Amino acid sequence: MKIKAEFEKQKIRRAFLEIEQLKRVRIQELLLSLGLTPGQGQARTLMALLRLESASQRELAEECLLDTTTMSRTLDRLQNMELVERQRNPMSRRTFRVSLTEEGKKLAEKVTKEFSRIDETICMNFSDDELERLLSQLERVRENLR
């Protein structure tokens, strides 16, 4: 019985890995089709700014779960693409507020819409009750890993 239990735990780990890889492929295809670089936090940054309207680099880093150095590089790239703009913070001369340009808003809305489609695909064929149970179980897994 113990061998079977270990095998089942390995199957669970493998299922998580396969799900993550499948999701990553979908997201990479999406980001590349929109002209964004996968793995750089660009999509998360655009979606956060769409929601927040403006934020400091530090606030964005916290919101997007990125370190401030990575966020700085991400913002540089997005600014070079004319998707975000930095404006000096009137409350502090040493910091900037970041916001979306009009092109950035359009792209952020596309990204948000496409991510919603991916979410719909992930949740397809589950009842509301099943999704609630799944979320509860996944939250327990997350807490176990913390």
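Below: a short report on this structure. Quick caveat, the model's predicted, so the values are computed rather than measured.

### Considering the pairing of strand β3 (residues 92-100)
Turning to step 1, where the next piece is worked out: Strand direction decides the pairing type here: strand β1 (residues 54-55) and β3, joined by two bridges, are antiparallel. Bridged to Ala-55 within β3 is Val-98.
Turning to step 2, where the next piece is worked out: Relative to β3, strand β2 (residues 84-89) runs antiparallel, the two being bridged by six bridges. Paired with Asn-89 across the strands is Ser-92, a residue of β3.
Turning to step 3, where the next piece is worked out: The turn joining β2 and β3, which pair antiparallel and follow one another in sequence, is formed by two residues.

### Things to note about helix α3 (residues 57-64)
At 3.6 residues per turn, the α-helix brings residues three or four places apart onto the same side.
Turning to step 1, where the next piece is worked out: Listed as buried for α3 are Leu-60, Ala-61 and Cys-64. Axial view of α3: buried residues confined to an arc of 100°, hence all on one face. Turned more than 90 degrees away from the buried face of α3 sit Arg-58 and Glu-62, all of them exposed.
Turning to step 2, where the next piece is worked out: Positive phi appears at Leu-65, one or two residues downstream of α3, with a value of about 60°.

### Observations concerning a nonpolar patch on the surface
Turning to step 1, where the next piece is worked out: On the surface, Ile-12, Phe-16, Phe-126, Leu-134, Leu-138, Val-141 and Leu-145 cluster together into a nonpolar patch covering about 620 Å² of accessible area.
Turning to step 2, where the next piece is worked out: Elements represented by at least two residues in the nonpolar patch include exactly α1 (2-33) and α6 (128-145).
Turning to step 3, where the next piece is worked out: If you tally residues by element for the nonpolar patch, the top one is α6, at four residues.
Turning to step 4, where the next piece is worked out: Relative to the helices and strands, Ile-12 is located in helix α1.

### What about unusual backbone geometry?
Glycine aside, negative phi is the norm for most residues, and most peptide bonds take the trans geometry.
Turning to step 1, where the next piece is worked out: Within the chain, Glu-53 stands out as a residue other than glycine whose phi angle is a positive 75°.
Turning to step 2, where the next piece is worked out: Summarising the element assignment, Glu-53 is placed in the loop between α2 (42-52) and β1.

### Description of the environment of Met-47
Turning to step 1, where the next piece is worked out: Inspection of the secondary structure assignment puts Met-47 in helix α2.
Turning to step 2, where the next piece is worked out: The exposure class assigned to Met-47 is buried, which follows from its relative accessible area of 17%.
Turning to step 3, where the next piece is worked out: For the pair Met-47 and Val-111, spaced 64 residues apart in sequence, the C-alpha separation works out to 7.3 Å.
Turning to step 4, where the next piece is worked out: Among residues more than four places away in sequence, those in contact with Met-47 are Ala-108, Val-111, Thr-112 and Phe-115.

### Details of the nonpolar core
Turning to step 1, where the next piece is worked out: Ranked by size, the top nonpolar core spans 26 residues in total, and within it Leu-36, Leu-46, Leu-60, Val-84 and Phe-115 carry the most contacts.
Turning to step 2, where the next piece is worked out: Counting only elements with at least two residues in this core, the list comes to α1, α2, α3, α4 (68-80), β3 and α5 (102-123).
Turning to step 3, where the next piece is worked out: Apart from the residues within four sequence positions on either side, Leu-36 is in contact with Leu-31, Gln-42, Ala-43, Leu-46, Leu-78, Met-81, Leu-83, Leu-107 and Val-111.

What counts and how
Every chain is numbered independently, its residues counted from 1 as its sequence is written. This being a predicted model, a pLDDT of at least 70 is required before a residue's local features are given, and a value of 80 or more before pairs of side-chain atoms are given or counted; all residues contribute to the totals for chains, interfaces and linings. The side-chain quantities take in all heavy atoms of the structure and omit both hydrogens and water. Should DSSP find at least two bridges between two strands, the strands are regarded as paired. Helix and strand definitions follow DSSP, with helices as H or I runs of at least four residues and strands as E runs of at least two, each counted in order from the N terminus. Residue burial is assigned from relative accessible area. The probe radius is 1.4 Å, only protein chains are included, and a residue is buried under 20% of its type maximum, exposed over 50%, and partly exposed in between. The directions considered for the arc run from the helix axis to the C-beta atoms. Patch membership needs two things, relative accessible area over 30% and no salt bridge, and members are linked within 9 Å if like-charged or within 5 Å if nonpolar (Val, Leu, Ile, Met, Phe, Trp, Tyr). Accessible surface is estimated by sampling points in the Shrake-Rupley manner with a 1.4 Å probe; for residues, cover comes only from the protein chains shown. Definition used for salt bridges: Asp or Glu carboxyl oxygen within 4 Å of a side-chain nitrogen of Lys or Arg. The contact criterion used throughout is that any non-hydrogen atoms of two residues lie within 4.5 Å. We define a nonpolar core as any set of buried Ala, Val, Leu, Ile, Met, Phe, Trp, Tyr and Cys residues linked to one another through side-chain atoms lying within 4.5 Å.

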